[in-house]
Amino acid sequence: MPKVVISEFMDEAAIAADLAGFDTLYDPGLADRPDALAAVLGDADALIVRNRTQVRGPLLAAAARLRVVGRLGVGLDNIDVPVCEARGIAVYPATGANDGAVAEYVVATAMLLLRGAYGASAAVASGAWPRNALMGREIAGKRLGLVGFGSIARETARRAAALGMALAAHDPFVADADPAWTPAYGPVQRRDLTTLIAESDVLSLHVPLTAETRGLIDAAALARMPAGAVLINAARGGVADAAAVAAALRSGHLGGAALDVFDREPLDAAAGAALAGVPNLILTPHIAGVTQESNVRVSAVIAAAVRRHLTQG
């Protein structure tokens, strides 16, 4: 009977439905106990993870029988894909299953930061009535710049277009003739990165973390953004320099920012202290792609992929 180890949280209904008949170990705490995880992987055929489990080095060495890795999400930077390929270990991401969740996060957060009215409960309850101070901005007519134009960015663009935003993107891997640039809801202008940064009222990041994208949005890039612009990073922490973002917010150059991802996760108190009290900054714990609905979808996609591989591969 094939053995499946699940080291991070997953929809239990998907486990029951699609992994029935396997020897399944479901322990979401294993991501924080790498030695224990390595010990149970010795005779495992499959491993299912999210983004915290580092599927590389000693962990892969301990998994002598491993045949397949399922990723409850789309980014693969926590998985040593070349080593997996060399060993014949299949890697399955949940492509498309959480696109809508991330897109909603980006658009909702942009609206929240532009409007700027939703932190006033205490003032209103006290009778302060700060109407003039809370005169924010509408999202309609603003330009959304998308750094990367893959499936999540395209879902974000579709929702933003419905709200009346102008759309532009930079992605050197999407050809000029690709129909993605001319969707039914209206054209998405193709821009070089420098122009995109300089023109965007809301800049949203949708790229993987690579040697080329690490530090892509640094202090110099932030300085080129329009005064009062909003930055949203729900991609990978290393793409944007969090300290530079904090400095741009404190100076008043940026109008708002949201960071859902960080260079090291979980964000520890020492690193978090540099971001505490920064005005118009929203911090969330890598949750943009995780909703009740998307958890069901990604879990079902990966459980089915793992089952298919173990029974037919």
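Here the structure is a predicted model, which means the values were calculated and not measured.

Undergrad: Give me the lowdown on the sheet that holds strand 5 (residues 90-93), citing residues and values where you can.
TA: Strand order in this open sheet of five strands is 2-1-3-4-5, and the pairing throughout is parallel. Edge strands, defined here as strands with exactly one partner in the open sheet, are strand 2 (23-26) and strand 5. Averaged over all pairs of adjacent strands, the angle between their axes in this sheet comes to 15°, without regard to strand direction. Sheet topology places strand 1 (residues 3-6) next to strand 2; four bridges connect them, and they run parallel.

Undergrad: I'd like a description of the pairing of strand 6 (residues 143-147), backed by residues and values.
TA: Buried residues dominate strand 6, accounting for four of its five residues. Of the strand pairs in this sheet, strand 6 and strand 7 (residues 166-170) are connected by five bridges, and their pairing is parallel. Pairing of arginine 143 across the sheet is with alanine 166, part of strand 7. Taken together, strand 6, helix 7 (residues 151-162) and strand 7 constitute a β-α-β crossover, and its handedness is right-handed. Strand direction decides the pairing type here: strand 6 and strand 9 (residues 202-205), joined by four bridges, are parallel.

Undergrad: Break down the environment of glutamine 312 for me, citing the residues and quoting the values.
TA: Positionally, glutamine 312 belongs in helix 12 (residues 292-312). Taking C-alpha positions, glutamine 312 is 34 Å from alanine 153, a pair spaced 159 residues apart along the chain.

Undergrad: With reference to specific residues and values, describe the pattern of salt bridges.
TA: Two side chains with opposite charge may pair up if their charged atoms get near one another. Counting across every chain of the model gives 11 salt bridges. Close ionic contact of arginine 67 with aspartate 45 constitutes a salt bridge, the shortest N to O distance being 3.7 Å. Placement of the pair is arginine 67 in the loop between helix 3 (57-62) and strand 4 (68-71) and aspartate 45 in the loop between helix 2 (34-40) and strand 3 (46-49), with a sequence separation of 22 residues. Since its relative accessible area comes to 27%, arginine 67 is described here as partly exposed. On the basis of relative accessibility, which here comes to 5%, the residue aspartate 45 falls in the buried class. The partner of arginine 191 in a salt bridge is glutamate 199, and the shortest N-O contact between them spans 3.0 Å.

What counts as what
Residues numbered from 1 in each chain as written. Predicted model: local features only at pLDDT ≥ 70, side-chain atom pairs only at ≥ 80, totals over all residues. Heavy atoms only, no water. Pairing = 2+ DSSP bridges. Helix = DSSP H or I, 4+ residues; strand = E, 2+ residues; numbered from the N terminus. Axes fitted to C-alpha atoms, helices over the stretch in contact; angles between N-to-C directions. Buried < 20%, exposed > 50% of the residue type's maximum accessible area, 1.4 Å probe, protein only. Right-handed = clockwise from strand over helix to strand, strands pointing away. Salt bridge = Lys/Arg side-chain N within 4 Å of Asp/Glu carboxyl O.

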